[in-house]
Each structure stands twice: as structure tokens, then as C-alpha cells.
Amino acid sequence: MNSNNIYIVFGVSGSGKTTIGKALAKELGIPFFDADDFHPESNIKKMSEGSPLNDDDREPWLKILSNQIIGWHKIEGAVLACSALKQKYRELLESIAPEFIKWIFLDGSYGLISSRLEARKDHFFKKELLISQFKTLEKPKKGISVTIDESIPEIIKKIQSSLSIQKSQLGLIGLGVMGKSLAKNILSKNFSLSVYNRQVKNKEVDVAKCFVSDQSSDHKVLGFDELEPFIISLEQPRSIIIMVNAGKPIDMVIEALLPLLSKGDCLIDGGNSHYKKTLERAQKLSKHGVYFIGAGISGGEEGALKGPSIMPGGAKEAYEQSGSFLEAIAARDKNNMPCCSYMGPQGAGHYIKMIHNGIEYAEMQLLAETYHLLRFYDDKTPKQISDIFESWRTKGIDSYLLEITADILLKKEGEEFLIDKILDKAGQKGTGGWSTIAALELGMPLSTISESVMARNLSGMKSKRIKASEIYQIKTCKSDGDDEHFLDTLEQGFTAASIINHAIGFELLVEASQEYEWNLNLSEIARIWTNGCIIRSELMEKISTLFLKDNQNSLLLFPEIVRLMKVNIEALTDIVSKGLKAGCSLPVLSASANYFLTYIAAQSSANMIQAQRDYFGAHTYQRVDKPLTEYFHTNWKS
Ligand code: 6PG
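First, a word on scope: everything that follows refers to the structure included in this document. (Residues numbered from 1 in each chain as written. Predicted model: local features only at pLDDT ≥ 70, side-chain atom pairs only at ≥ 80, totals over all residues. Heavy atoms only, no water.)

Close to the ligand lie 14 residues, the nearest being Ser 298, Lys 353, Glu 360, Tyr 361 and Lys 429. In the model, an oxygen atom of the ligand is placed 2.8 Å from a nitrogen or oxygen of the Lys 353 side chain. Measuring from an oxygen atom of the ligand, one finds a side-chain N or O atom of Asn 357 at 3.1 Å. For the ligand, the protein covers 80% of the area, taking 410 Å² as the surface of the free molecule. Looking at the shell around the ligand, the element that brings in the most residues is helix H15 (residues 348–377), giving five residues. (Near = heavy atom within 4 Å. Polar contact = N/O pair within 3.5 Å; in protein donor to acceptor, adjacent residues only side chain to side chain. Areas by Shrake-Rupley, 256 points an atom, 1.4 Å probe, with all protein chains shown as cover. Helix = DSSP H or I, 4+ residues; strand = E, 2+ residues; numbered from the N terminus.)

Moving on: the side chain of Thr 530. Along the chain, the position of Thr 530 falls in the loop between helix H22 (522–528) and helix H23 (538–549). You can call Thr 530 buried: its relative accessible area is 9%. Looking at Thr 530, its side chain comes within polar contact range of the main-chain oxygen of Arg 527, at 2.6 Å. Excluding residues that lie within four positions of it along the chain, Thr 530 makes contacts with Asp 333, Cys 339, Arg 536, Met 540 and Glu 541. (Buried < 20%, exposed > 50% of the residue type's maximum accessible area, 1.4 Å probe, protein only. Contact = heavy atoms within 4.5 Å.)

Here we come to the pattern of salt bridges. Inspection of every chain in the model, using the stated rule, returns 35 salt bridges. Note that Asp 55 and Lys 88 form a salt bridge whose closest N and O atoms lie 3.0 Å from each other. With Asp 55 in helix H3 (residues 55–75) and Lys 88 in helix H4 (residues 87–93), this residue pair connects regions lying 33 residues apart in the sequence. Residue classification places Asp 55 among the partly exposed positions, given a relative accessible area of 22%. One salt bridge in this structure joins Lys 383 and Asp 387, with 2.9 Å as the shortest N-O distance. Taken together, the residues Lys 383 and Asp 387, both in helix H16 (residues 382–392) and four residues apart, mark about one turn of the helix. Taking relative accessible area as the criterion, Lys 383 reaches 39% and is therefore assigned partly exposed. Overlapping salt bridges bring together Asp 55, Arg 58, Lys 86 and Lys 88 as one network. (Salt bridge = Lys/Arg side-chain N within 4 Å of Asp/Glu carboxyl O.)

Tallied over the full model, the rule gives 26 aromatic pairs. Their ring planes at 85° and their centres at 6.4 Å tell us that Tyr 275 and Trp 518 sit as a pair that is edge-to-face. Here Tyr 275 is found in helix H12 (residues 275–286), whereas its partner Trp 518 is found in the loop between helix H21 (486–515) and H22, with 243 residues between them in sequence. In this pair, the class of Tyr 275 matches that of Trp 518, namely buried. Judged by centre distance (5.6 Å) and plane angle (20°), the ring pair of Tyr 595 and Tyr 599 falls under stacked. Remark: Tyr 599 and Tyr 595 occur in helix H25 (residues 587–599); sequence separation between them is four residues, near one turn of the helix. What links up through ring pairs into an aromatic cluster is the set Tyr 275, Tyr 351, Tyr 516 and Trp 518. Above the ring of Phe 417, the side-chain terminus of Lys 412 is found at 4.9 Å from the ring centroid. (Phe/Tyr/Trp six-rings, centres within 6.5 Å; stacked < 30°, edge-to-face > 60°. Lys NZ or Arg CZ within 6 Å of the ring centre and 35° of its normal.)

Attention now goes to the sheet that holds strand S10 (residues 266–269). Spatially, the seven strands line up as an open sheet ordered S8-S7-S6-S9-S10-S11-S12, and their pairing is mixed. Two strands bound the open sheet, and with one partner strand each, they are strand S8 (221–224) and strand S12 (309–313). Recorded for the sheet is a direction-independent mean angle of 20° between the axes of neighbouring strands. With four bridges connecting them, strand S9 (residues 239–242) and S10 associate as parallel partners. Each bridged residue has a counterpart across the sheet, and for Ile 240 the counterpart in S10 is Leu 267. Docked against the sheet, H12 engages S10 and strand S11 (291–298), running at close to 150° with respect to S11. Of the strands in this sheet, strand S6 (170–173), S9, S10, S11 and S12 are in contact with helix H14 (residues 316–329), which crosses S11 at around 25°. (Pairing = 2+ DSSP bridges. Axes fitted to C-alpha atoms, helices over the stretch in contact; angles between N-to-C directions.)

Any functional reading would require information that these geometric values do not contain.
Here you go:
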């Protein structure tokens, strides 16, 4: 940073060299030195005897200083306060390393400085000395001059802008795949940026420096592998995006940052953190006057680079301070509005991202099941399935996940399709499971999402599955090919299941909003999910418009959705029964059909559950023929 420069603040005595020098040094995070502390013994003796120094006396002192300057430059630079009134003193000071020296002349009139000195109670003002200083002063021809009739912060600001000392508008910690892409996105929007990445021997070496050297010289970017200079390089109040792994790494970064931050700074966690942890972190930081925004960011590497969907939650003031950066780097919706807006208080942003991921898990599983049916029941090749999915994209059900699935199916390695070579064990980092737990905590159904998590878990039991398949020897039956409507039915069934999956996700958001008093705006959530994120789709566009009409309604109860479901539900149940009968497991397609049939059933099977509970545990039940405030118990054996 700042090329280890030596900033020499000079001027007559009383011009404020020490005060301004110290303030500048603090601002730049480099040490401050006073030239008077470097006089040789002989000068100190002379001065203590009250004799003034002549130019011969000054020469060895200035030489000492010019040597010091080289030493300070080698370490981190410095600010030096020195009267340096004559041109020849200044030439001596910069005789060894002129290229690193930045001259800052504090310019004030005799009247201003003498009145200031006179006002100082702790200081005996020698008028003659000041007059002689003004006589000696040779105004500089190089460097910058700042007038001293302003406040210290104003003077510092002027010095910084005159010397083009770069301060960054934004900071970013963690240059992993997502962090790097986001940093490039930030730079492409012409923000000045400081990036920090830790040093880990043989693993993460000079990551920040390499990132900086890879960027075009038009971009204002500074790289650091130490936190302190990184923090100092940022404009205040600071906005810092943290892109490190969720969990412990976030806490470690916060811990290390805390002593370096100032009141009003704002940390933005852009990872997939658990919303409860976000709440805890925000509370801890607020005790120190530091804001915390938990911002879900969706869109993967490409989204981070070109514009992700961003779901920030936290204090409103924090969003007012840092939200404009997030909005600038986010994707745009069809009306060119940013796919980022204030979601709600602490925890809300990461909760919404968690539900986004839950919906994502189930949509992925729906596509996987649909592919599986086409491949193993309907005997299609990956290329044929890709063509089918491509054709669906033109039928009002296009989505990013449908698009990439069609693409995946075309990928070949030599003569063979890559999809056939990929091991059928699904990984996961936890957000789907967290959504399931969050639903359980609120007593809410989450059928498609929880089933998609279980499907991943079950897929992981590969060796057991192989053993069981050998024992049972039940093979998937092939379609006899006489169902000419199979593809249409599958498309309709998929459409219905996808609507149900989204309805389930939004239903949980409504409940969470009430429970945690978040006042979530469902239409706005759907709108910021229309671009940039993994679950962007034509359906999401529709959902966003529907919730504009009624933010509290259930998705499945909007007349437009009712019409769609009425057209497609039979196809869903048809596909599920055909598929199961043929020996294909269809966990999320079945879960969506089951959810829907229960959701629209005025009479469910739960009367039997209540009777059973009362039978063995006297848990009591309500009756349809009595007020619901009354509870009954029956002695079932008598
Ligand atoms: C996104 C993704 C992203 C990540 C998932 C993957 O919105 O950009 O959801 O956050 O790819 O967390 O999660 P799993 O590894 O659990 O599938």
C-alpha cells in the first residue's frame, strides 16, 4: 500500500506539523517520527545551552534523517514532521531516496499562526522566533501545499486526495472461487476494492497479491495478506464482504477483525451461514457498535462474477450504509431492477437463502427423477432426453436448472455420455437439511424439500443399495411404448410438482415471517429470485406477480395456480403411479403428489392418528360435532 512512501510534513513552528503528521500516520497505518528526535549529541547540547543552530550544525542532522528515511522505506514507510524551511535542507533530506518522498507543506499566514500560538496556554509564545522562521522559510516548488485554516480531518482528506492516496470503498475477505468472482464483479462496477486472503504455507500463498496483479490496471484494487493494513486501506465507515466457508472460519475472521474495526463499520457475511449463527454474530458485533449483514448470495461462480441474487438481512441502518454496493453488483430483473433488496432484520437474509436452497434441492431432485424415468423406463438416450428438456424450455416452464440439465445430458467423453459415468451418490453441504429442521421447529410440512434431502442421504448408501439390488433382483420395467401421451404427461406432472415445491417453500417463509416478526415481502423475495440465482425460472416470474396481489395468500390458492394445478395434477399422480409400478423410485414426485392431495383434502386420515394417540396415551382429541375448545378422552377398552 502507498509504496512505503515517506511523507514529510513541514512548515514553520506552530503550523501543526506534529498534530497533522500524527493524524496522517494514523490514517495511513504507518509510524510517525519527529525530526527533532534525531539531532546528534552536539546539537542537543547547543540547543540546551540556548544557542541557535546554524546550517553547519543542521547538516549532520539532516544526513542522519536521510539515512533513516531509507530504513523506514524498507519497512512500511513513515510520516516525518520536520521544519525543513530552506530548499537546501529539503535537498539534503531527499538526497538518498527522492523517489519515495512526498512533501506536504503546511501553509498558514503569520497572523493565523501567531494568534494560534498566543492562544496556547501551555506555550510561551516567542514572537521573534516566529518572525525569523517566516524570514527563513523558502516556499516549496514541489510537493503539495495545504492551507491550515481548516479542521484536522479536512486537512487530512485534502492531503490524501492531493497525493492520490488510495482508500478503497469496499473490502473483501476470502479469495476462494466465489470470493474471486465477486471481487471481479465489484471491480467491473468501478468500485475501488481492497482484498484480503490469509497466507497458508504451500496452500494459499500470495493469493491477494496474485489477484491484484491479474487485474487490469484500470481497476482500483489493493491486495493484502495482513488484516491491519487491509482495514486501514478502507474508507470509513467500512463495508467488508466476508467470503469464507460458513461455520468456524467466519467466527475466526470476525474475532480477528473486531479489535481493528471502528463503530459504524459493517461486516457482510456472503456465505451460506446458518441463520441462527447470523443472529448470534450480529448481537455480538452490535455490542461493539459494528453492523452485521447476513447476506445469502446465490448464483454460483458465474452468478458471483456476472451478477448474483443477493438476500441481505440485518439492521436497516446497516443496509442503508452498505446495501447500495450489494445492489450494484447484483443481477438485474426483467425491469432492470437489482436482484437484491433489504429482506428483513437479523437472520432473515440467511433464512431466505436457506429456503432458496431447499427449493433448489427439490427442483434438482425433480429433474433427476424425470431424467431417470426417461432413461430407464422410457429407454431414451441422454441426447434424446436433452432434446425433450430443451423442448420444455419453450413451453412456459423454462428454468436455469432445466437449462443446465439439458446441457449436462449432451456432455460426452469420447463416444460416451459423461452422465453415465458419474457415481450416483449425491453430496450436500447442509442447507437442505437446515430447511427441514427449520420447518420441524415451526411444525410445518416441507414434504418435497425434506424428501429431496432424504433422497440424497439414501443415495449415499451406495454399497448397501448394491447388495440389496442383488438380493431383490427387481429390475425397472421398460415402457411398452404404447403410451403415446407419456411425454406430455411427464411434462405436466413435472410442472405440477414444481409448483407444489415452490408453494411449500413459500408457505414456510410465511410462517417464519409471522413467528419471527420479519414482515417478509414474498413478492420481493420471488422478484430477486427471478435472475442471478440457481432457482430462477419462468414460474418464479409468475410467483412474483401473484404475491404482489396478495402477500399473505398461499401460492396454491391463487386462481391462476388453481387453474394450472387442475390441468396438471392428474398427470402427476399418473406419472407417480406408473413410475412406482415400473420399479422407479420417485421420492419428490411422490412427495409432491402426496402433499397436494393432503392439502386439498377436507377430510384427511389424521382422525385415526388422534384416536390411536388417545388409545395408548390418553392424549385426547377434538370432535367434529363439538366446539373445538373442548378435548375428549375415551376409555377405548371398555
Ligand atoms: C446457490 C447455491 C450455492 C451452493 C449450494 C450447494 O444458490 O448458488 O445454492 O449456495 O451451490 O449451497 O449446496 P449443496 O452442496 O448442499 O448441494
